[in-house]
Amino acid sequence: MALVAFLSAICFGFIKSYQAMWLMVIISVVFLFFANLNKISKLKFGKAGFEAETREVIKEAKSTIRELQDLSTIMALSTLGLVKRSGRWGGYSYDEKEKIKDQTLRLLKRIGIHDEECERIVTESKLYTFTELDYVLHILGGDIIPQALPNERIVEWKNLRHCGLENIATPEELTQFFKQIGLLNDEVKDLIEDYSHYIKYRQQRRPDIWNNRANWSHF
């Protein structure tokens, strides 16, 4: 009915007068207001007129925001995971991956994703896990196979090096291994301490040393 009144007002204005048209427009607005009265949650009157906020609009807006957050969470999880997995022997450098991670987390926080949720996203993306794995691999000599070690130690070395993402060697296990083979020198101790620092703080203790990890060798 309100829509009919509104259209009639426009036609009436062209046929008769603008004064009559605006009267009909006002009547149609009143019809529209009362027709949607059940949806009104707020009504504010002021010098500039009145503001009406409907329950449906609020509900839809909140739903949209929540969906946007959920979508952003999924995209961030996928992006971080793909970035860390891409080019394991090339592709993105460590610093580039960290930059992408930081930019992604800043965006998530800007749209209302809490710090705890951001941390969960990074953890589930395996971003930290792959860095921990790199620490273990490089502390154990990278591509160098320690041929000078006894066979039983070679087996232990292989078990530590190829433990997989779900069972990465801990700093304590590495310390014990190097102690047993007689190579727990100050350099190895410092590298294991770097590894422990990363696990605790998720930052590199000595970025310059980390960037030179391809040259770590103790065998």
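Up top is the structure.
Here is a short report on the structure shown in this document. (Residues numbered from 1 in each chain as written. Predicted model: local features only at pLDDT ≥ 70, side-chain atom pairs only at ≥ 80, totals over all residues. Heavy atoms only, no water.)

Thoughts on the overall build of the protein
Just so we agree on the cut-off: Strands here mean DSSP runs of E at least two residues long; helices mean DSSP runs of H or I at least four residues long; both are numbered from the N terminus. Think of it in three bands: with a 1.4 Å probe and only protein chains considered, a residue is buried below 20% of the maximum accessible area for its type, exposed above 50%, and partly exposed in between. The contact criterion used throughout is that any non-hydrogen atoms of two residues lie within 4.5 Å. Accessible surface is estimated by sampling points in the Shrake-Rupley manner with a 1.4 Å probe; for residues, cover comes only from the protein chains shown.
Along its length, the protein carries 10 helices and two strands. Put simply, the protein runs from its N terminus to its C terminus through helices and strands in the order α-α-β-β-α-α-α-α-α-α-α-α. For the protein, buried positions account for 33% of its 219 residues. Long-range contacts, defined here as pairs at least 24 residues apart, represent 57% of the contacts in the protein between residues at least 6 apart. When the accessible area of the protein is evaluated, it comes to approximately 14400 Å², of which 58% is carbon and sulfur surface.

Some details on the nonpolar core
Basically, it comes down to this: Joining through side-chain atoms within 4.5 Å is the link that ties buried Ala, Val, Leu, Ile, Met, Phe, Trp, Tyr and Cys residues into a set, and such a set is a nonpolar core.
Of all hydrophobic cores here, the largest spans 36 residues; its most connected members are I139, L140, L174 and F177. Taken together, the elements giving at least two residues each to this core come down to α3 (55–85), α4 (94–110), α5 (115–124), α6 (127–139), α7 (151–161), α8 (171–180) and α9 (186–201). Top element by residues in this core is α6. It accounts for eight residues. Ignoring anything within four residues of it in the chain, the contact list for I139 reads L174, F178, L191, I192, Y195, W216 and H218.

Looking at the environment of T123
Its location among the elements puts T123 in helix α5. Among the residues examined, T123 registers a relative accessible area of 40% and is labelled partly exposed. For the pair T123 and G81, spaced 42 residues apart in sequence, the C-alpha separation works out to 9.6 Å.

Describing the packing of aromatic side chains
To keep it simple, the criterion reads: Stacked, tilted and edge-to-face are the three classes assigned to paired rings of Phe, Tyr and Trp, where Trp is represented by its six-membered ring and a pair needs centres within 6.5 Å; plane angles under 30 degrees give stacked, over 60 edge-to-face, the rest tilted.
A full pass over the atoms with the stated rule returns eight aromatic pairs. Arranged with centres 4.5 Å apart and planes meeting at 35°, the rings of Y135 and W210 form a pair that is tilted. Taken as a pair, Y135 in helix α6 and W210 in helix α10 (residues 207–211) lie far apart in primary sequence, 75 residues in all. By the burial criterion, Y135 is buried, and W210 matches it. Between F177 and F178 the ring centres are 5.6 Å apart and the planes differ by 75°, which places this aromatic pair in the edge-to-face class. We note that F177, like F178, is buried.

As for the packing of α4 against α5
Applicable threshold: Structural elements are reduced to axes, namely lines fitted to C-alpha atoms, with helices fitted over the stretch in contact, and the angle between N-to-C directions of any two is expressed from 0 to 180 degrees. For any pair of crossing helices, the crossing counts as left-handed if the nearer helix is rotated counterclockwise from the farther one by less than a right angle, and right-handed if it is rotated clockwise. Residues are grouped as follows: nonpolar covers Ala, Val, Leu, Ile, Met, Phe, Trp, Tyr, Cys and Pro; charged covers Asp, Glu, Lys and Arg; every other residue, Gly included, is treated as polar.
Two numbers describe how α4 lies on α5: the axes approach to 10 Å, and their chain directions differ by 145°. When you trace α4 past α5, the crossing you get is right-handed. Between α4, through K101, L105, L108 and K109, and α5, the contact on the second element is made entirely by D115, C118, I121 and V122. Residues of the contact of α4 with α5, tallied by class, amount to five nonpolar, no polar and three charged.

Side note on unusual backbone geometry
Residue K126 is not a glycine yet carries a positive backbone phi of 70°. In this structure, K126 sits in the loop between α5 and α6. Positive phi outside glycine occurs at R202, with the angle close to 60°. As for its placement among the helices and strands, R202 is situated in the loop between α9 and α10.

Remarks on the pattern of salt bridges
Our working definition: The salt bridge definition used is simple: a Lys or Arg side-chain nitrogen within 4 Å of an Asp or Glu carboxyl oxygen.
What the rule picks out here adds up to 10 salt bridges. With a closest N to O distance of 2.7 Å, R120 and E124 form a salt bridge. Here R120 and its partner E124 are both found in helix α5, four residues apart, which amounts to about one turn of the helix. For E156, the salt bridge goes to R153, with nearest N and O atoms at 2.9 Å. Pair noted here: E156 and R153 are both in helix α7, with a separation of three residues, about one helical turn.

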